[in-house]
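Architecture at a glance
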Amino acid sequence: MIHLRSVAFRPPAARQRAEWPFTVPVIADWSAPLAFEHPVTFLVGENGCGKSTLLEGIACHAGLPAAGREELDRDSSLAKVRGLAKCLKATWNQRSHRGFFLRAEDFFGFVQRMGAMAQSLRADLEEVDRTYAGRSAAARMYARTPYANELHGIMERYGGDMDAQSHGEGFLAFFQARFVPDGLYLLDEPETPLSPLRQLGLLSLLREMVEERGAQFVISTHSPILMAYPDATILSLDESPWRQVAWDELEHVRLTRSFLNNPSTYTKHL
């Protein structure tokens, strides 16, 4: 399902265009609408080209919730990106407020917050047990119930103790818990905490969400594994204007393949 069909950029006043984020290469050179012709679109380019800024701007414009962080409209670090969002115009096949925007680094902060919340709830339960030690079991159970239910909800939704899981396990569990049907998902470098095997697991999850639950994904990535998603659109942001490229044309793929075939060619110069 393609919910978001395209995003166009309406340049601001000349004075504002001289300021960040309008000076980011992919924004400064933006002319034609950014079209989404497949349920999975990858944005590819070197660091600094503007992939993340572009995704943040689209997320703010679309009003998507943030997964694992403060909501985008209250995040002070995105104040200038919200200025970019005001210059965007989205065209929808079917307007969706479902889904989320996620940067990989936000997941780590989320795990810390969930761990702190779970620890606080356990401390509350211990305090209830001390306070109600001399009272009836019914009174103690009644006092424990709100804390126990909230702790159970966290454990059930996110697969137990997220701190005890590897980052890759927790990241995939987080995705599975948050995905809803018919959503738009903007993901910024989701491969960061994932091993190659876990990246294959994410590919499988993406396919399930697209084919069975009507999801659309726009993903910024450096991962040749993720970009191998069947029939996905891959847009190179290193060129102006950006253009669609085939998987085996990508520098990421050619360099990775060359390195794996003969690593000594590269390591001998270290």
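Just so it is clear, the model here is predicted, and its values are computed rather than measured.

1. What to know about the pairing of strand β6 (residues 184–188)
Of all five residues in β6, five are buried, a share of seventy percent or more. Two strands pair when backbone bridges link them, and strand β5 (residues 99–103) and β6 are joined in this way by five bridges, in the parallel orientation. Across the sheet, residue Leu102 finds its bridge partner in β6, namely Leu187. Where β6 and strand β7 (residues 216–220) come together, five bridges link them in parallel fashion. Following the sheet pairing, Leu186 is matched in β7 by Val218. Between the parallel elements β6 and β7, the chain passes through helix α8 (residues 196–213) in a crossover that is right-handed.

2. Comments concerning the nonpolar core
In terms of nonpolar packing, the biggest core is built from 31 residues, with Phe42, Phe175 and Phe217 touching the most fellow members. Going through the elements one at a time, β3 (40–44), β5, α7 (167–178), β6, α8 and β7 are the ones with two or more residues in this core. Counting residues per element, this core draws most heavily on α8, at six residues. With near-sequence residues (within four places) excluded, Phe217 lies in contact with Pro39, Val40, Thr41, Phe179, Tyr185, Leu187, Leu206, Met209 and Val210. By size, the runner-up hydrophobic cluster in this structure holds 30 residues, among which are Ile27, Cys49, Ile58 and Ala62.

Definitions and cut-offs
- Residues numbered from 1 in each chain as written.
- Predicted model: local features only at pLDDT ≥ 70, side-chain atom pairs only at ≥ 80, totals over all residues.
- Heavy atoms only, no water.
- Buried < 20%, exposed > 50% of the residue type's maximum accessible area, 1.4 Å probe, protein only.
- Helix = DSSP H or I, 4+ residues; strand = E, 2+ residues; numbered from the N terminus.
- Pairing = 2+ DSSP bridges.
- Right-handed = clockwise from strand over helix to strand, strands pointing away.
- Core = buried A, V, L, I, M, F, W, Y, C linked by side-chain atoms within 4.5 Å.
- Contact = heavy atoms within 4.5 Å.

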